[in-house]
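Topology and contacts: notes
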Amino acid sequence: MSDHHVRTILPVQATLGEGPVWIGRDAALWFVDIKGRHIHRYDPATGAARRWDAPDQVGWVLPDADGGMIAGLRTGLHRFDPADGSFTLHARAEGDAPGNRLNDATTDGAGRIWFGTMDDAETQASGRLYRHAAGRVTDSGLAPVCITNGPAISGDTLYHTDTLARTIWRATIRDDGTLGEAERFVEIEDGAGHPDGSVADAEGCIWVSLWGGWGVRRYDPAGRLIGTVTLPASNITKIAFGGDDLRTAFATSARKGLDAAALAAQPEAGNVFAFDPGVAGVAVTPAVL
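Since this is a predicted model, take the numbers as computed values, not measurements. (Residues numbered from 1 in each chain as written. Predicted model: local features only at pLDDT ≥ 70, side-chain atom pairs only at ≥ 80, totals over all residues. Heavy atoms only, no water.)

**Thoughts on the nonpolar core**
Our working definition: In this description, a nonpolar core means a group of buried Ala, Val, Leu, Ile, Met, Phe, Trp, Tyr and Cys residues linked to one another through side-chain atoms lying within 4.5 Å. Each residue is assigned to one of three classes by its accessible area relative to the maximum for its type, calculated with a 1.4 Å probe on protein chains only: buried under 20%, partly exposed between the two thresholds, exposed over 50%. What makes two residues a contact is simply this: any of their non-hydrogen atoms within 4.5 Å.
Judged by nonpolar contacts, the single largest core of 29 residues is most densely connected at Trp30, Ile39, Trp60, Phe80, Ile113 and Phe115. The residues contacting Ile113, other than those within four sequence positions of it, are Trp60, Leu62, Ile70, Leu77, Ala105, Thr106, Thr107, Tyr130, Arg131, His132, Ala287 and Leu289. Within the second largest apolar cluster, 17 residues are counted, among which are Val216, Ala233, Phe241 and Ala249.

**What about the sheet that holds strand E24 (residues 272-275)?**
So the rule is basically this: Any two strands with at least two DSSP-identified bridges between them are counted as paired. Where helices and strands are cited, they refer to DSSP runs of H or I of at least four residues and of E of at least two residues respectively, numbered from the N terminus. Working convention: axes come from line fits to C-alpha atoms, limited for helices to the stretch in contact. Angles between N-to-C directions cover 0 to 180 degrees.
What the four strands build is an open sheet, ordered E1-E24-E23-E22; its pairing is antiparallel. This sheet does not close on itself; its edge strands, each paired only once, are strand E1 (7-10) and strand E22 (236-242). Across the sheet, the mean angle separating the axes of adjacent strands is 35° when strand polarity is ignored. The pairing of strand E23 (residues 248-253) with E24 spans three bridges and is antiparallel. When the sheet's bridge partners are listed, Phe250 is paired in E24 with Ala274.

**Section: unusual backbone geometry**
Despite not being glycine, Ala134 has its phi angle at roughly 50°, a positive value. Looking at the secondary structure, you find Ala134 in the loop between strand E12 (129-133) and strand E13 (136-139). Although it is not a glycine, Leu246 adopts a positive phi angle of roughly 55°. With respect to the helices and strands, the residue Leu246 is situated in the loop between E22 and E23. Judged by relative accessible area, which is 15%, Leu246 ranks as buried.

**Examining the sheet that holds strand E20 (residues 215-219)**
The sheet built from four strands is open, its strands ordered E18-E19-E20-E21 with antiparallel pairing. If you trace the sheet from one side to the other, it starts and ends with strand E18 (194-200) and strand E21 (225-230), each paired once. Direction aside, neighbouring strands of the sheet carry axes that sit 25° apart on average. Strand direction decides the pairing type here: E20 and E21, joined by five bridges, are antiparallel. Across the sheet, Arg217 pairs through a bridge with Thr228, a residue of E21.

**Some thoughts on the layout of surface pockets**
We apply this condition: Here a cavity is any set of points on a 1 Å grid over the protein atoms alone where a 1.4 Å probe fits but cannot get out, and a pocket is any open set with protein on both sides within 12 Å along at least 5 of 7 lines; a residue lines the site when it has an atom within 4 Å of a point. Grid points are joined across faces, edges and corners, and a volume is the space filled by probe spheres set on the points.
Size it by volume and the largest pocket reaches roughly 590 Å³. Along the walls of the largest pocket sit 35 residues, with Thr106, Val282, Ala283, Val284 and Thr285 positioned nearest its centre. Going through the elements one at a time, strand E2 (17-23), strand E6 (58-63), strand E10 (100-107), strand E14 (148-154), E18 and E22 are the ones with two or more residues in the lining of the largest pocket. The element that contributes the greatest number of residues to the lining of the largest pocket is E2, accounting for five residues.

Laid out in structure tokens, this is it:
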């Protein structure tokens, strides 16, 4: 891939920056700091940034079809009102896994929310992938893992990441929202980092962020590695395509897990970066609550 013009756009130094999403109606990038318990909004046109405090660890925020926002807190899905910073419980995710938290999410073309949970201690295989539709949360049926990630949607295909196993799976989303049989899509080789968040572009390729891998990889629909972008922090968590033409990639990163020496060696850790991906993304479908 050619020169991507990587630059730092927001020096937030997030502990665990995650979940970037471009909300077109707002012309802004939204993302979270899970461990910092913050929701962030950034307007590239003006450079204006704003932050809200969340009452618990917050894994993601997405637009909903009613013009509002929905956020994934440890305790479940909450309606979030940026006007007053309030959170109102909409749906609980899990009642039998108090050590879990929500980690990453996306929507499909029908407005269903696909989100994962994970063991906050990162030791037990208690994380699952769920689907929210018509006000109800349903287990996707995929096998439990310790750290769920992704998920990403391309057309009628869902990509789901088992981070610790360095494996990305994919399955067809049927018309009723159930999943077909999962198949292995990509396995990240030892030493290249662990796959974190992922997102699809307009050509059906999947961009995988690498925790401990200093960048982002692009895979074609056959699972072939076709591009790599190097970024100035080791723990890259996820990218979002944004801007008026969806041709700017925004990447979140994390300081979590880095000791003093590592932080000194990478002062950009935890910041938000932008680069030119050379391809357009796909607009996010607002969630139907």
